[in-house]
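Below are the chains, spelled out letter by letter.
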Amino acid sequence: MSGFTESVVELAALAWLENVGWRVRSDAGIAPGEPAAERDDYGQVVLGLRLRDALARLNPALPAEALDDAFRKLTRPEGTDLLVRNRALHRLLVDGVTVECRYADGSIRGAQARVIDFNLPAGNDWLAVNQFSVGEQKHWWRPDVVLCVNGLPLVVLELRNAAAENATIWSTFQQLQTYQAEVTVLFGPNALLAVSDGVAARVGTLGAASERLKHLCTFAGDTLANAYVPVLQEARR
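Residues numbered from 1 in each chain as written. Predicted model: local features only at pLDDT ≥ 70, side-chain atom pairs only at ≥ 80, totals over all residues. Heavy atoms only, no water.

**Here we look at the pattern of salt bridges**
Taken as a whole, this structure holds 10 salt bridges when the rule is applied. Notably, a salt bridge pairs Asp 27 with Arg 39, separated by 3.0 Å at the nearest N-O pair. Of this pair, Asp 27 sits in helix H2 (residues 27-30) while Arg 39 sits in the loop between H2 and helix H3 (48-58), and the two are 12 residues apart along the sequence. Owing to a relative accessible area of 3%, Arg 39 belongs among the buried residues under this scheme. Arg 114 serves as the salt-bridge partner of Asp 117, at 3.8 Å between the closest nitrogen and oxygen. Here Asp 117 falls in the buried class, since its relative accessible area comes to 10%. The class for Arg 114 is partly exposed, based on a relative accessible area of 36%. (Salt bridge = Lys/Arg side-chain N within 4 Å of Asp/Glu carboxyl O. Helix = DSSP H or I, 4+ residues; strand = E, 2+ residues; numbered from the N terminus. Buried < 20%, exposed > 50% of the residue type's maximum accessible area, 1.4 Å probe, protein only.)

**Comments concerning the nonpolar core**
In this structure, Leu 62, Leu 74, Val 97, Val 99, Phe 132, Val 145 and Phe 187 are the most contacted members of the largest nonpolar core, which totals 57 residues. Ranked by residue count, the leading element in this core is strand S8 (residues 152-159), at six residues. Those residues in contact with Leu 62 that lie beyond four places of it in its chain are Leu 67, Val 99, Cys 101, Ala 111, Gln 112 and Ala 113. (Core = buried A, V, L, I, M, F, W, Y, C linked by side-chain atoms within 4.5 Å. Contact = heavy atoms within 4.5 Å.)

**Here's the deal with the packing of H3 against helix H4 (residues 64-75)**
In contact at an axis separation of 10 Å, H3 and H4 are set at 135° when each is read in the N-to-C sense. Comparing the axis directions of H3 and H4 gives the class oblique. Crossing handedness for the pair H3 and H4: right-handed. Note on element contacts: H4 touches H3 through Leu 67, Asp 68, Ala 70, Phe 71, Leu 74 and Thr 75, opposite Gly 48, Leu 51, Arg 52, Leu 55 and Ala 56. Of the residues that constitute the contact of H3 with H4, the class distribution is seven nonpolar, two polar and two charged. (Axes fitted to C-alpha atoms, helices over the stretch in contact; angles between N-to-C directions. Parallel < 35°, antiparallel > 145°, perpendicular 65-115°, else oblique. Left-handed = near helix turned anticlockwise from the far one by under 90°. Nonpolar A, V, L, I, M, F, W, Y, C, P; charged D, E, K, R; others polar.)

**Focus on the packing of aromatic side chains**
Evaluated as defined, the whole model comprises three aromatic pairs. Ring geometry for Trp 22 against Trp 126: centres 5.0 Å apart, planes inclined by 80°, an arrangement best described as edge-to-face. Here Trp 126 lies in strand S4 (residues 126-130) and Trp 22 lies in the loop between helix H1 (6-19) and strand S1 (23-26), a separation of 104 residues in the sequence. Judged by its relative accessible area of 27%, Trp 126 falls in the partly exposed class. Centre to centre, the rings of Tyr 42 and Trp 140 are 5.2 Å apart; their planes meet at 70°, and the pair counts as edge-to-face. Taken together, the positions of Tyr 42 in the loop between H2 and H3 and Trp 140 in strand S6 (residues 139-141) put the pair 98 residues apart, joining distant regions of the chain. (Phe/Tyr/Trp six-rings, centres within 6.5 Å; stacked < 30°, edge-to-face > 60°.)

**Observations regarding unusual backbone geometry**
We note that Gln 137 has phi near 55°; this positive angle belongs to a residue other than glycine. On the basis of relative accessible area, Gln 137 is assigned to the exposed category, the value being 75%. Phi is positive for Asn 150, which is not a glycine, with a value near 55°. Positionally, Asn 150 belongs in the loop between strand S7 (145-149) and S8. Here Asn 150 falls in the buried class, since its relative accessible area comes to 0%.

Below, the structure is given as structure tokens:
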């Protein structure tokens, strides 16, 4: 186990994600200020161009102003409490964003802008970003892996070295708790939190206590991952 470091776990997780269809990028290449930057600053966590492209692709019949309205609602959620904002964004992801469309005859009618294609997974943009830097007020953190779907950071995966002394998935879970308290902007769209030491893994939702975390299932979601192999690897099967 001497060579089993946190970086090894991270690289392995990214390789497994890439194997099931995620594009993998390092935040160093797309961070604010870089030639290929996908964010204007570190307090912005939505990859705006990817979200706009997805809205246009999934809603070809909606006019540009309706898509702009959907983008605004997704990137500026209402509510002073993180869990309230998270629930509101979850409804938008599942039900679509209610927008108003003005038609040539002068009429205005409501419509739903789809955010995620649940029927055709290939119709979405899947991006795994490692070392995703986030800054809010005086706090700066870099979660190990952030999974973005159509530009929205829906999953935060924090990893630890199973061979390190006192490093467990529970200490890793506490790190996620710190992120939630200090860089709340990252968790508005969040759908899933995951912790792993490369061997064991648990998943849960925003606000869940440690005892509510669940064992990771296989990629198909119908069985639990094999406990005798690295769980992150088994979960992709």
